Amino acid sequence: MADKKVIAVVGATGAQGGGLARAILADPSGGFACRAITRDPSKDKAQALAREGAVVVQADLDDADSLKKAFAGAYGAYCVTNFWEHFSAEKETAQARNMAEAAKAAGLKQVIWSTLEDTRKLMSPGDTRMPMLQDKYRVPHFDGKADADAFFAGLPVTYLVTSFYWDNLYAFGVGPKKGPDGVYGWAFPMADRRLAGIAVEDIGKVAYGLFKSGAQYVGKTVGIAGEFLTVDQMSEKLSKGLGVSVKYTAVEADAYRAFGFPGADEMGNMFQVYRDFEKEVLGARNVDVARSLNPSLQTFDQWLAQNKDKIAL
Ligand SMILES: NC(=O)c1ccc[n+]([C@@H]2O[C@H](COP(=O)([O-])OP(=O)(O)OC[C@H]3O[C@@H](n4cnc5c(N)ncnc54)[C@H](OP(=O)(O)O)[C@@H]3O)[C@@H](O)[C@H]2O)c1
């Protein structure tokens, strides 16, 4: 353990960080050790990581000193924020700043910042096709992360641009819902454009590949996805894989924003960006690079076969 490079994994009890923690722990001869960071070391997921060999450390992204202690003595850190816990881009940016400052204080040798692109750059400020949200953002959970990129400048950082998790189908309530006719329906403002998607476990595995690659991707932005698929293609695969009928309805972005669930405006803007800027969004992500860093990168069909029971339509 003493001669291993310690990676402080923020979000180790969550989806992205959990994938990285499991990738480190599954490779005991890989030269890395996992320091799992959580606000609550007594929680089941933290305890499970401890049983697998992680050192669990308490810290809170809102508490800069706790992060400095949690990063001290580590070789590297995986930095991720959870917008969906508070829905505030400003808070997310402040949390990222705390992580970047802790990484600097600890003199880390390698840092990964889980970010997303600045969607404001895709439209002029006066563009009226979608509303501004939280005063100054188009897609707050993208733009806030992009704003935070600057805090990591000067660190040996890789900016990891992630993609829509296919796991949202069971974990985030976006999966198809059964209609009175027995057909499962889902609606997005995506027209016939392709969605860059990924199995969330693969994000952590790619991150592990980045740590193993040492200096190669330091200072670089790495955009990853598992596959680019239209929602019709995903529907076909779900229908076949689950033995049900899944039908996609393309709706207008304004209609989606008016659905009224928490974050509908945010998600409406996000899907509209995917639709209206398909070329730019897909161009910022590379499946081959993701596979080179994580040779077990899953396709949608592979992910579906693994997660059938969780989706359980
Ligand atoms: N869903 C998608 O399709 C998608 C795609 C791309 C990017 N993202 C981004 O992914 C991020 C969420 O990552 P995830 O899916 O891995 O999250 P998750 O599974 O919901 O887990 C959140 C993790 O963050 C930790 N955390 C949250 N607030 C914290 C705080 N104040 N201090 C310390 N730790 C804290 C939690 O740890 P404890 O609770 O144990 O403290 C937990 O491990 C979001 O910002 C989202 O925008 C999502």
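Scroll up a little and you will see the structure.
Before going into details, it helps to say that this report is about the structure given with it. Computed from a prediction, not measured in an experiment: that's the story for all the values here. (Residues numbered from 1 in each chain as written. Predicted model: local features only at pLDDT ≥ 70, side-chain atom pairs only at ≥ 80, totals over all residues. Heavy atoms only, no water.)

This part takes up the nonpolar core. Counting 61 residues, the largest nonpolar core has L20, F71, Y78, M99, W113, F152 and L160 as its most contacted members. Considering each element in turn, this core owes the most residues, 7 residues, to helix α8 (residues 200–212). Apart from the residues lying within four places of it in its own chain, the contact partners of L20 are I7, V9, Y78, G204, A207, Y208 and F211. Counting 34 residues, the second-largest nonpolar core is a separate cluster that includes V139, F188, L229 and M270. (Core = buried A, V, L, I, M, F, W, Y, C linked by side-chain atoms within 4.5 Å. Buried < 20%, exposed > 50% of the residue type's maximum accessible area, 1.4 Å probe, protein only. Helix = DSSP H or I, 4+ residues; strand = E, 2+ residues; numbered from the N terminus. Contact = heavy atoms within 4.5 Å.)

This brings us to unusual backbone geometry. Even without glycine at this site, Q134 takes up a positive phi of about 45 degrees. The residue Q134 is located in the loop between β5 (110–115) and α6 (140–148) in this model. Judged by its relative accessible area of 34%, Q134 is partly exposed. A positive phi angle is found at A191, which is not glycine, with a value near 45 degrees.

Attention now goes to empty space enclosed by the protein. Taken as a whole and assessed by the stated rule, the structure comprises 1 cavity of 30 Å³ or more. Its volume calculated, the largest cavity comes out at about 40 Å³. Along the walls of the largest cavity sit F164, L169, V174, W186, F188, L195, V231 and M234, which together make up its complete lining. At the level of elements, β9 (184–188) and α9 (231–242) are the ones that each hand at least two residues to the lining of the largest cavity. Of the residues in the lining of the largest cavity, the class split is 8 nonpolar, no polar and no charged. (1 Å grid on protein atoms, 1.4 Å probe; cavity = no way out; pocket = protein on both sides within 12 Å on 5 of 7 lines; lining within 4 Å. Points joined across faces, edges and corners; volume = space filled by probe spheres on them. Nonpolar A, V, L, I, M, F, W, Y, C, P; charged D, E, K, R; others polar.)

In terms of burial, strand β10 (residues 194–198) is largely enclosed, as 4 of its 5 residues are buried. Across 2 bridges, strand β7 (residues 164–165) lies against β10 in parallel orientation. Considered in β10, the bridge of F164 is made with G197. Across 4 bridges, the pairing between β10 and strand β12 (residues 227–230) is antiparallel. Note on β12: the bridge partner recorded for L195 is L229. (Pairing = 2+ DSSP bridges.)

Take K205: it is sitting in helix α8. Taking the C-alpha atoms as reference points, K205 and A23, 182 residues apart in sequence, are found 5.8 Å from one another.

The subject of this paragraph is the pattern of salt bridges. Per the stated rule, a full pass over the model turns up 17 salt bridges. Residue K91 is joined to D62 by a salt bridge in which the shortest nitrogen-to-oxygen separation is 3.2 Å. Taken together, the residues K91 in helix α5 (residues 89–106) and D62 in the loop between β3 (55–58) and α3 (64–71) connect sequence positions 29 residues apart. On the basis of relative accessibility, which here comes to 44%, the residue D62 falls in the partly exposed class. When the shortest N-O distance is used, the salt bridge between D118 and R120 registers 2.9 Å. For D118, a relative accessible area of 17% puts it in the buried group. Via salt bridges that share partners, D127, R129, E252, R275 and D276 belong to a single interconnected network. (Salt bridge = Lys/Arg side-chain N within 4 Å of Asp/Glu carboxyl O.)

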